[in-house]
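What follows is the residue order along each chain.
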Amino acid sequence: MREIAVVSRDRVGLRDVRGVLFDMDGVIYVGTRPLPGVQQAIDYLTETGRQFLFVTNNASKTPAQFVERLAEMDIHVRPDQVLGSAEATACWLAEQVTHRGWPRGPVIVMGQDGLRVALQNSGFELTTDPDAATYAVAGINFKLTYEELANVTLAVRRGAKFIGTNSDATYPSERGPLPGAGSILALLETSTGQKPLVIGKPNPGMYEQAMARLNLRPHQTLMVGDRYDTDISGAIPLGIWTAGVLTGISTRAEFETASPPPDLIATDLPDLIEQLRQSDRV
């Protein structure tokens, strides 16, 4: 059994965890390659009466499309067990309309199916007319055009509220890091002179949507991620348990020297599940 470092809180408290949020890229898979121990982790959580949710800043796909991709890797989950930043953003915006009196106006979108479908499912009308847009919502778009950038820019300059799905500067690929949603937001911020309101990790909106879906409180929730700056740093201020795994971006040294560090550092998912087993025996 490989070493797992408990960095901060008492491991006994892990017994209170009733649900686990897993980042996807770098935790569940890399590119098209599944990482070790995913199904075993899911099985252990199920056996011990815990819930789980795959939580990703990737806004390009619908939950059903993510499920199809996971099935190709022999990882089997339901659409309601996947939360992308597209769906989190759409649900968050719908809550502002319902509970804070924001207008349910048309949305101009910089994004793909995941974002468009999520907004429509949340009751929003989509538009390509900058003059008609109440909101401008931007996420990753692998086929963006200058005209789309121009229209979103004009919409924001004409008063549309500017919202981003996530601020990840890069997108992981088998070719290496590519421009991510954060790079697109940076371009739009430069062209509009406006900063977007961003929902995805490490911002609170994503974690709050995830906990609401599982009906959990922070001390009952564990966030598992491979990147300190997105997965872990946003969860800590909310009081969520955190675990950094070494199968993606951040190194052990980076996790250990972060301020504050994650509660756990695990080599991979099998190590993490062994840590949960240990806490359950205490």
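What this report covers is the structure whose coordinates are included nearby.

Conventions used here
- Position numbers for residues start from 1 in each chain and track the written sequence from start to end.
- The predicted nature of this model means local features are confined to residues of pLDDT at least 70 and side-chain atom pairs, given and counted, to a pLDDT of 80 or more, with totals for whole chains, interfaces and linings taken over all residues.
- Only heavy atoms go into the side-chain values, all of them from the structure, while hydrogens and water stay out.
- Each nonpolar core is a collection of buried residues, namely Ala, Val, Leu, Ile, Met, Phe, Trp, Tyr and Cys, held together in the definition by side-chain atoms within 4.5 Å.
- Using a 1.4 Å probe on the protein chains alone, a residue whose accessible area is under 20% of its type maximum counts as buried, one over 50% counts as exposed, and one in between counts as partly exposed.
- A run of DSSP states H or I qualifies as a helix once it reaches four residues; a run of E qualifies as a strand once it reaches two. Both are numbered from the N-terminal end.
- Whether two residues are in contact is decided by their heavy atoms, any of which lying within 4.5 Å being enough.
- As defined here, a cavity is a set of points on a 1 Å grid over the protein atoms alone where a 1.4 Å probe fits but cannot get out. A pocket is an open set with protein on both sides within 12 Å along at least five of seven lines, and residues line them when an atom is within 4 Å of a point.
- Grid points are joined across faces, edges and corners, and a volume is the space filled by probe spheres set on the points.
- Each residue receives one of three labels: charged for Asp, Glu, Lys and Arg, nonpolar for Ala, Val, Leu, Ile, Met, Phe, Trp, Tyr, Cys and Pro, and polar for the others, Gly being one of them.
- Paired strands, as defined in this entry, are two strands with at least two bridges between them according to DSSP.
- Angles run from 0 to 180 degrees between N-to-C directions of axes, and those axes are lines fitted to C-alpha atoms, restricted for helices to the stretch in contact.
- Here the word oblique covers every angle except those under 35 degrees (roughly parallel), over 145 (roughly antiparallel) and from 65 to 115 (roughly perpendicular).
- Helix crossings fall into two classes, left-handed where the near helix is turned counterclockwise from the far one by less than a right angle and right-handed where it is turned clockwise.

Here we look at the nonpolar core
Judged by nonpolar contacts, the single largest core of 33 residues is most densely connected at Phe22, Ile28, Phe54, Leu70 and Val224. When residues of this core are traced back to their parent elements, those giving at least two are β2 (19-22), α1 (38-47), β5 (51-56), α2 (63-72), β14 (221-225), β15 (241-245), β16 (264-266) and α10 (269-281). Top contributing element to this core by residue count: α1, with five residues. By size, the runner-up hydrophobic cluster in this structure holds 18 residues, among which are Ala94, Trp102, Val107 and Leu115.

Regarding the environment of Glu87
The residue Glu87 is located in helix α3 (residues 85-100) in this model. C-alpha of Glu87 to C-alpha of Val152: the two residues are 65 residues apart in sequence and 20 Å apart in space. Excluding residues that lie within four positions of it along the chain, Glu87 makes contacts with Pro63, Val82, Ala118 and Arg213.

Thoughts on the layout of surface pockets
Estimated volume of the largest pocket: approximately 430 Å³. Contributing to the lining of the largest pocket are 30 residues, with Asp25, Thr170, Tyr171, Pro172 and Arg227 lying nearest its centre. Of all elements in the fold, only β3 (29-30), β11 (170-171) and α8 (228-232) reach the threshold of two or more residues within the lining of the largest pocket. Residues of the lining of the largest pocket, tallied by class, amount to nine nonpolar, 13 polar and eight charged.

Side note on the pairing of β14
Taking burial as the measure, the five residues of β14 include five buried ones, the bulk of the element. Here β14 shows a buried face lined by Thr221, Met223 and Gly225 and a second buried face lined by Leu222 and Val224. Pairing analysis gives four bridges linking β2 to β14, with the strands arranged parallel. For Gly19, the partnering residue across the bridge sits in β14 and is Thr221. Where β14 and β15 come together, four bridges link them in parallel fashion. When the sheet's bridge partners are listed, Met223 is paired in β15 with Thr242.

Description of the packing of α3 against helix α4 (residues 113-121)
Where α3 contacts α4, the axes come no closer than 8 Å and their chain directions differ by 25 degrees. On the basis of the axis angle, α3 is roughly parallel to α4. As α3 runs across α4, the sense of the crossing is right-handed. On α4, the residues that touch Ala86, Glu87, Ala90 and Leu93 of α3 are Gly114, Leu115, Ala118 and Leu119. When the residues that make up the contact of α3 with α4 are grouped by side-chain class, the tally is six nonpolar, one polar and one charged.

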